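So the chains spell out like this:
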Amino acid sequence: MKKLLLTAALSLTAATPLFAHDMVAGDLHIIHPSIPDPLPTAKSAAGYMVISNDGDTPERLLEVRTPFAKVSTIHETVIDDAGVARMQPVVDLVIAPNDMLVLEPGGMHVMFMGLTSTADEGDMIPATLIFQNAGEVVVEFMVDPSGGMDHSAMGHD
Ligand SMILES: [Cu+2]
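Remember, it's a predicted structure, so these values are computed and weren't measured experimentally.

**Notes on the overall build of the protein chain**
Piece 1. For the protein chain, the count of helices and strands is 1 helix and 11 strands.
Piece 2. Secondary structure elements of the protein chain, listed N to C terminal, follow the sequence α-β-β-β-β-β-β-β-β-β-β-β.
Piece 3. Entry remark: accessible area of the protein chain is about 8,200 Å², with carbon and sulfur atoms responsible for 56%.

Encoded structure:
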């Protein structure tokens, strides 16, 4: 099971296989935390990663801390009744036992608001993830090629 999850998770990061990085903390495996290179003028940026939980109990991501932004929250993209993509905070981010959670464009993401510095492709942005059971886990978000939407232009509640 462990092996299967890992293989599946790694295949999700196939766009950047050479540069994928990961961290292990107890039963948690955090795969390729990354931030698409924000424009120099961007006031916000999105962060993505895969979190797999090889344990037998649910885990929760409670908080993300980084000096890179004044505020870091977890958002999800939802389509409203008018068909417009909007973001809203994720209140309870659970990683089910023997399962994994994917934060990816168009879905859940870490929202970094009020960037304190610019970033360049290849930079490693230090951050701490705070989990309910595993506690504080130090990670680095890799700044990946931008190639995607201008996240800061999307509507945020
Ligand atoms: Cu967002």
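**Some thoughts on the confidence of the model for the protein chain**
Piece 1. Scored by pLDDT, the protein chain has a mean of 86; 81% of the residues are at 70 or more.
Piece 2. Counting contacts from residues 13-17, a segment whose pLDDT is below 50, to residues more than four positions away or on other chains yields 5 contacts.

**Quick look at the nonpolar core**
Piece 1. Membership of the largest hydrophobic core comes to 32 residues, with the highest contact counts inside it found for I30, I51, F112, F131 and F141.
Piece 2. When near neighbours in sequence (up to four residues on either side) are disregarded, I30 contacts H21, D22, M23, M49, V50, I51, L129, F131, V137 and V139.

**A short note on the packing of aromatic side chains**
Piece 1. Tallied over the full model, the rule gives 2 aromatic pairs.
Piece 2. Centre to centre, the rings of F68 and F112 are 6.0 Å apart; their planes meet at 70°, and the pair counts as edge-to-face. Pair noted here: F68 is in the loop between β4 (59-65) and β5 (69-79) and F112 is in strand β9 (residues 108-115), with a separation of 44 residues, a long-range link. One exposure class covers both F68 and F112, and it is buried.
Piece 3. Their ring planes at 85° and their centres at 5.4 Å tell us that F112 and F141 sit as a pair that is edge-to-face. Remark: F141 occurs in strand β11 (residues 135-144) and F112 occurs in strand β9; sequence separation between them is 29 residues.
Piece 4. Exposure remark for F112: the relative accessible area of 0% places this residue in the buried category.
Piece 5. Owing to a relative accessible area of 1%, F141 belongs among the buried residues under this scheme.
Piece 6. One aromatic cluster is present, formed by F68, F112 and F141 through successive ring pairs.

Criteria and thresholds
- Residues numbered from 1 in each chain as written.
- Predicted model: local features only at pLDDT ≥ 70, side-chain atom pairs only at ≥ 80, totals over all residues.
- Heavy atoms only, no water.
- Helix = DSSP H or I, 4+ residues; strand = E, 2+ residues; numbered from the N terminus.
- Areas by Shrake-Rupley, 256 points an atom, 1.4 Å probe, with all protein chains shown as cover.
- pLDDT = per-residue confidence, 0-100.
- Contact = heavy atoms within 4.5 Å.
- Core = buried A, V, L, I, M, F, W, Y, C linked by side-chain atoms within 4.5 Å.
- Buried < 20%, exposed > 50% of the residue type's maximum accessible area, 1.4 Å probe, protein only.
- Phe/Tyr/Trp six-rings, centres within 6.5 Å; stacked < 30°, edge-to-face > 60°.

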